[in-house]
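So you can see what is in the structure, the chains are spelled out below.
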Amino acid sequence: MKQMSQDNSLRDQIIALYDEMSPQLQQAARYVLENPQEVALVSMRGLARNAGVQPATMTRLAKFMGLAGYEDIRAYYAKAIRMRADGFAARAMERETTVPDQGSDLAQHMLQSLAAQITKLSEPESLARIQAVANRLNQARRIYVLGLRSCHSVAWHFHYVMTLLGEKTIHLDGPAGTGGDGLLHATDKDVLLVVSISPYALHSLELAAAAREQGMAVITITDSEVSPLIAISEVAVLCSTESQTFFHTLTPALAISEVLCGLLASQDRLGALEALQNADRHLQSLNTYANNIPRRRI
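All residue numbers here refer to positions counted from 1 along the written sequence of the relevant chain. Confidence filtering applies because this is a predicted model: local features only for residues at pLDDT of at least 70, side-chain atom pairs given and counted only at 80 or more, and all residues used for totals across whole chains, interfaces and linings. Side-chain numbers here rest on the full set of heavy atoms in the structure, without hydrogens or water.

**Some details on the pairing of strand 4 (residues 217–222)**
Burial analysis of strand 4 places six of its six residues in the buried class, which makes it a mostly covered element. Relative accessibility decides the category of a residue: with a 1.4 Å probe and only protein chains considered, values under 20% of the type maximum give buried, values over 50% give exposed, and everything between is partly exposed. Counting from the N terminus, the helices are the DSSP runs of H or I reaching at least four residues and the strands are the DSSP runs of E reaching at least two. Covered by surrounding structure in strand 4 are Ala217, Ile219 and Ile221 together with Val218, Thr220 and Thr222, the residues of both alternating faces. If DSSP finds at least two bridges between two strands, the strands pair. Judged from the five bridges that link them, strand 3 (residues 191–195) and strand 4 form a sheet pairing that is parallel. Its bridge partner lying in strand 4, Val195 is registered against Ile221. When the strands point away from the viewer and the path from the first strand over the helix to the second turns clockwise, the crossover is right-handed. For the crossover that starts at strand 3, traverses helix 11 (residues 202–213) and ends in the parallel strand 4, the hand is right-handed. Two strands pair when backbone bridges link them, and strand 4 and strand 5 (residues 235–238) are joined in this way by four bridges, in the parallel orientation. Note that in strand 5 the partner of Ile221 across the bridge is Val237.

If you want it as structure tokens, here you go:
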């Protein structure tokens, strides 16, 4: 059992002690970190069920943190919610009952959940992180972009949009396992932007560690304060991946990518405009897009 410091928040304490926890306690702790509104509003048994652990594990987590019991964890997060300037997420949790299984009700529930996740990104802490990432990317000579498996689409989208603005990004997406070769000429003036969520692709973690050893700054879009990438990241933006279906959502991560592209373009408006005009001329010369849409025949 650890003695909880009065100087740090419970959240900070959980993050600091995460590596010392057993796998079951880590599973419970991660769920608590990622679902603070639920901690405040759902019973211990319900929270344990959603986290995939036994209720006793929640009690053990509290004891590990030096607390009397689980109610101290709930009280902490309930107070945090009351102190929030906005209560959108909390009110959304209060309105939730059961998750629909099918049809338009499930679609509505999924879309409302995505809207709440996007709204959460506009909170001050997330905005500050996103701006810090944009500033750091803007300072870099080159931005190496990495995202594997499901995260590939987010990394590719960021790289694609940035190619319209110039040649600053290099996508680590080589065939036949050669993606890491792109780091051959990277220097400490470059950064690696890596997108990775649980379950974390092992090769992403390995390449991020290799980039860090080369002296590159690692910038991360990930899903948790206890992501294995946090320890080696200069700046990280956190995004929710919770979904009402069997797959994780990537919508918040994609939104972060789009916002970063917009912020980078806005930091050099004249240069971005010139690059986009050049891109337009090139795409027009290749007849990439249809200029005239044929009329439908009836």
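**A look at the packing of helix 1 (residues 10–17) against helix 2 (residues 23–34)**
In the contact formed by helix 1 and helix 2, the axes pass within 11 Å of each other and the chain directions differ by 145°. Read as a crossing pair, helix 1 and helix 2 show a hand that is left-handed. Residues Arg11, Ile14 and Ile15 of helix 1 form the contact with helix 2, whose own contacting residues are Ala29, Val32 and Leu33. In terms of residue class, the contact of helix 1 with helix 2 is built from five nonpolar, no polar and one charged. Geometry is summarised by axes, namely lines fitted to C-alpha atoms with helices restricted to the contacting stretch, and by angles between N-to-C directions that run from 0 to 180 degrees. Left-handed describes a crossing in which the near helix is turned anticlockwise from the far one by less than a right angle; the clockwise case is right-handed. Contacts are assigned to residue pairs that have any heavy atoms within 4.5 Å of one another. Gly counts as polar in this scheme, as do all residues outside two lists: the nonpolar Ala, Val, Leu, Ile, Met, Phe, Trp, Tyr, Cys and Pro, and the charged Asp, Glu, Lys and Arg.

**Some points on the layout of surface pockets**
Approximately 230 Å³ is the volume attributed to the second largest pocket. Lining the second largest pocket, in full, are Gln27, Arg30, Tyr31, Glu34, Ala51, Ser198, Asp223, Thr241, Glu242, Ser243, Thr245 and His248. Here the residues of the lining of the second largest pocket sort into two nonpolar, six polar and four charged. Points on a 1 Å grid, built from protein atoms alone, make a cavity when a 1.4 Å probe fits but cannot get out and make a pocket when they are open with protein on both sides within 12 Å along at least 5 of 7 lines; residues with an atom within 4 Å of a point are the lining residues. Grid points are joined across faces, edges and corners, and a volume is the space filled by probe spheres set on the points.

**Side note on the nonpolar core**
Core analysis: the largest hydrophobic core is formed by 30 residues, its most contacted members being Leu137, Ile143, Phe158, Ile221, Ile256 and Leu260. Among the elements of the structure, helix 9 (124–139), strand 1 (143–147), helix 10 (152–163), strand 3, strand 4, strand 5 and helix 12 (251–266) are those that each provide at least two residues to this core. Look past the residues within four positions of Leu137 in its chain and what remains in contact with it is Ile143, Phe158, Lys168, Val191, Leu193, Ile219, Leu260 and Leu264. Among the buried residues, those of types Ala, Val, Leu, Ile, Met, Phe, Trp, Tyr and Cys that are joined through side-chain atoms within 4.5 Å form a nonpolar core. Among the nonpolar cores identified, the runner-up in size contains 28 residues, and Val32, Leu33, Ala62 and Tyr77 belong to it.

**Concerning the packing of aromatic side chains**
Only Phe, Tyr and Trp rings take part, Trp by its six-membered ring, and two of them pair if their centres are within 6.5 Å. Stacked means planes under 30 degrees apart, edge-to-face means over 60, and tilted covers everything else. Under the criterion given, the structure shown has two aromatic pairs. When the ring of Tyr76 is compared with that of Tyr77, the centres are 5.0 Å apart and the planes differ by 90°; the resulting orientation is edge-to-face. The exposure class assigned to Tyr76 is partly exposed, which follows from its relative accessible area of 29%. Assessed through its relative accessible area of 4%, Tyr77 is described here as buried.

**Quick notes on helix 10**
The end-to-end C-alpha distance of helix 10 is 16 Å, a good match for the 16 Å that 12 residues give at a rise of 1.5 Å each. Among the residues making up helix 10, those that are buried are Val154, Ala155, Phe158, His159 and Met162. Buried residues along helix 10 cover an arc of 130° about the axis, so they all sit on one side. The secondary structure elements touched by the buried residues of helix 10 are helix 9, strand 1, strand 2 (169–171), strand 3 and helix 12. Given a helix with a known number of residues, its expected span is that number minus one, times 1.5 Å. By arc we mean the arc of the directions from the helix axis to the C-beta atoms, nothing more.

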